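Here is what each chain is made of, one letter per residue.
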Protein chains: 2
Amino acid sequence: MGLAEPIRFLFHYGSIDFIDNRLNKEKDWPKFKETTPYGQVPLLEFDGKVINQSRAICRFLASKVDLDGKNDMENLEIDSVVDTIYDLRLKIREVFHEMNQEVKNEKRKVLHSTHIPFYISLLDKLAAENNGHLALNRLTWADLFFAAVKIYFSHCAEYDVLQNAPNLIKVVENVEKIENIKKWIEKRPKTSF
Amino acid sequence: MGLAEPIRFLFHYGSIDFIDNRLNKEKDWPKFKETTPYGQVPLLEFDGKVINQSRAICRFLASKVDLDGKNDMENLEIDSVVDTIYDLRLKIREVFHEMNQEVKNEKRKVLHSTHIPFYISLLDKLAAENNGHLALNRLTWADLFFAAVKIYFSHCAEYDVLQNAPNLIKVVENVEKIENIKKWIEKRPKTSF
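Bear in mind that the values here come from a model prediction, so they are computed numbers and not experimental data. (Residues numbered from 1 in each chain as written. Chains lettered and ligands numbered in written order. Predicted model: local features only at pLDDT ≥ 70, side-chain atom pairs only at ≥ 80, totals over all residues. Heavy atoms only, no water.)

Some thoughts on the relation of the copies chain A and chain B
Going by this rule: Residues reaching a pLDDT of at least 70 in both copies supply the C-alpha atoms on which the copies are superposed by least squares. Any two residues whose heavy atoms approach within 4.5 Å are treated as being in contact.
Mapping chain A onto chain B leaves a residual RMSD of 0.0 Å; the transformation is a rotation of 180° accompanied by 0.0 Å of translation along its axis. Both chain copies can therefore be described as sitting about a two-fold axis. Comparing contact sets, 100% of the residues at the interface of chain A also lie at the interface in chain B, consistent with an isologous, same-surface contact.

What follows is the structure in structure tokens.
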């Protein structure tokens, strides 16, 4: 449920058939990595093209399922929020992947005392202003993106990052109550994050 | 010439008037930071809205000056390349901002031996396939983005990252020979990067 999950949310939201090709980290990934254009997943294979970068893929699918903006200005607002969510992801990820235990402890302190509260309170404020959404006062792919990655956030940060964010909880609830998303969450493979 | 420079390139390319509000890092920034929505620059102020995130801003401007894709699939290709350029930027930035000198030296080794050659050779291959452009066989905002940030790359990496990338050099040349960009480069403030 890392960066592929928002893509899966969008497919399910729009009832678009797709093959959810999952890789076993130890068994499949090392070999598969060599066949990828940038050594990264998720990848989208579409019309014979193989494309990387999760946000680019989400933006593409969002326009197919009408969760994008109605004009450039609306898309700018959505894109800006999504990149900000991604900035928080990078902060959390940096600590999670730090190998030196001493450095990790130091970085975790700053993450918990500064970065997470900073981003979460700003995003929560946005969610309040937009009535339970992250942009444009309505459901957009920014909401699906956030609802799909928040488990990864809490897993890697080692606590529930939404504990003091009632409006962000509302964003997630608004996404998870969508019938197609609800069904997907019930049946999706139970992985640790 | 960090993340604001691609935005300036797009404004100049499209002959759009704008106020280039620059901040002195020591004098202006600490105070101004508190007034920003996310503690970050660059910001675009447009139609009374203040928006952060450089790539979102560039994507918005690109559609105004016809340097975006003609359809969703074309935009997906551009977005994917730009995010990949940005991934390289993050790798370079991480080393540049590392404060612990020992850790910095270790990280720099990996950056120079692995990350930079990996990304630059992939981007150079793309540039070869697209005849001196990064996507779609024609000039798009991905080219302007790369040409605008490559000085930052070389400055922070402490060597010319394009030294073995003839096709990427061509991408830059194709951008820098555009009359409006050429004029801007000649007259822009001379900062260290």
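Past the structure itself, the notes keep going.
Focus on the environment of A:Ser54
Going by this rule: We count a stretch as a helix when DSSP gives it H or I for four or more residues in a row; a strand needs E for two or more, and each element gets its number in order from the N terminus.
Here A:Ser54 lies in helix α3 (residues 54-64). Separated by 13 residues in sequence, A:Ser54 and A:Val41 place their C-alpha atoms 8.2 Å apart.

With respect to the UniProt feature "domain: GST C-terminal" (unreviewed entry) in chain A
Quick reminder of the rule: UniProt positions are given in the numbering used here, feature names are shortened, and annotations may be inferred rather than shown by experiment.
On the UniProt side, "domain: GST C-terminal" (unreviewed entry) is annotated at positions that read residues 71-193 of chain A here. As a span, residues 71-193 of chain A carries 74% helix and 0% strand, and end to end its C-alpha atoms are 34 Å apart.

What to know about the packing of helix α4 (residues 72-96) of chain B against helix α6 (residues 141-157) of chain B
Residue and element names in this part refer to chain B. Cut-off, in case you're wondering: Axes here mean lines fitted to C-alpha atoms, for a helix over just the part in contact, with angles spanning 0 to 180 degrees between N-to-C directions. These descriptions rest on fixed angle ranges, namely under 35 degrees for roughly parallel, over 145 for roughly antiparallel, 65 to 115 for roughly perpendicular, and the rest for oblique. Residues are sorted three ways: Asp, Glu, Lys and Arg are charged, Ala, Val, Leu, Ile, Met, Phe, Trp, Tyr, Cys and Pro are nonpolar, and all the rest, Gly among them, are polar.
Running from N to C, α4 and α6 point in directions that differ by 10°, and their axes come no closer than 10 Å. Classified by the angle their axes make, α4 and α6 are roughly parallel. Seen from α4, the contacting residues are Ile78, Asp79, Val81, Val82, Ile85, Tyr86, Leu88, Arg89, Ile92, Arg93 and Phe96; seen from α6, they are Trp141, Ala142, Phe145, Phe146, Val149, Tyr152, Phe153, His155, Cys156 and Ala157. Among the residues forming the contact of α4 with α6, the class breakdown is 17 nonpolar, one polar and three charged.

Here's the deal with the interface of chain A and chain B
Applied cut-off: Reported buried area values correspond to the accessible surface (1.4 Å probe) lost by two parts on association, with both partners' losses combined. Throughout this description, the term salt bridge denotes a Lys or Arg side-chain nitrogen within 4 Å of a carboxyl oxygen of Asp or Glu. As used in this structure description, the phrase polar contact means that two N or O atoms lie within 3.5 Å; if the pair is within protein, one of them must be able to donate a hydrogen and the other to accept it, and residues adjacent in sequence are counted only when both atoms belong to side chains.
Each partner contributes to the interface: chain A provides 32 residues, whereas chain B provides 32 residues. With both chains or domains summed, chain A and chain B bury close to 2900 Å², and 57% of this area falls on carbon and sulfur atoms. Of all residues in chain A, the largest losses of buried area upon contact with chain B belong to A:Tyr38, A:Met73 and A:Leu76, amounting jointly to 22% of the total for that side. Taken together, the links from chain A to chain B amount to six salt bridges. Linking B:Glu77 and A:Lys49 is a salt bridge whose minimum nitrogen-to-oxygen distance equals 2.8 Å. Here chain A and chain B share 16 residue pairs in polar contact (both at pLDDT 80 or more) between them.

Focus: the pairing of strand β1 (residues 43-46) of chain A
Residues and elements named next belong to chain A. Applicable threshold: In this scheme, strands are said to pair when DSSP sees at least two bridges between them.
Strand direction decides the pairing type here: β1 and strand β2 (residues 49-52), joined by four bridges, are antiparallel. Across the sheet, residue Leu43 finds its bridge partner in β2, namely Asn52. Hairpin connection of β1 to β2: two residues between the antiparallel strands, including Asp47 at a positive phi of 50°.

A few points about the pattern of salt bridges
Side chains carrying opposite charge are able to pair once their charged atoms draw close together. Residues and elements named next belong to chain A. A complete count under the given rule lists 31 salt bridges over all chains for this structure. For Glu129, the salt bridge is made with Lys125, and the minimal N-O distance between the two is 3.7 Å. Of this pair, Glu129 and Lys125 both sit in helix α5 (residues 101-129), four residues apart, roughly one helical turn. Each of Glu5, Arg8, Asp20, Arg22 and Arg188 takes part in a single network of salt bridges with overlapping partners.

Comments concerning the UniProt feature "domain: GST N-terminal" (unreviewed entry) in chain A
According to UniProt, the "domain: GST N-terminal" (unreviewed entry) feature falls on residues 1-69 of chain A. End C-alpha to end C-alpha, residues 1-69 of chain A measures 25 Å, and it is 36% helix and 12% strand.

Comments concerning the domain arrangement of chain A
All names here are of chain A. Convention followed: By convention here, the domain bounds are inherited from an automatic or database domain assignment.
Partitioning chain A into structural domains gives domain 1 (5-65 + 180-187) and domain 2 (72-177). Taking the mean C-alpha position of each, domain 1 and domain 2 sit 21 Å from one another. A buried area of about 1200 Å², summed over both sides, lies between domain 1 and domain 2, and 74% of it is on carbon and sulfur atoms. Counting across the domain 1 and domain 2 interface gives two salt bridges. Between Asp79 and Arg59 there is a salt bridge whose closest N-O contact spans 3.0 Å. Linking domain 1 to domain 2 there are two residue pairs in polar contact (both at pLDDT 80 or more). Put simply, the parts of the chain that give the side of domain 1 that touches domain 2 at least two residues each are α1 (5-13), α3 and α8 (179-187).

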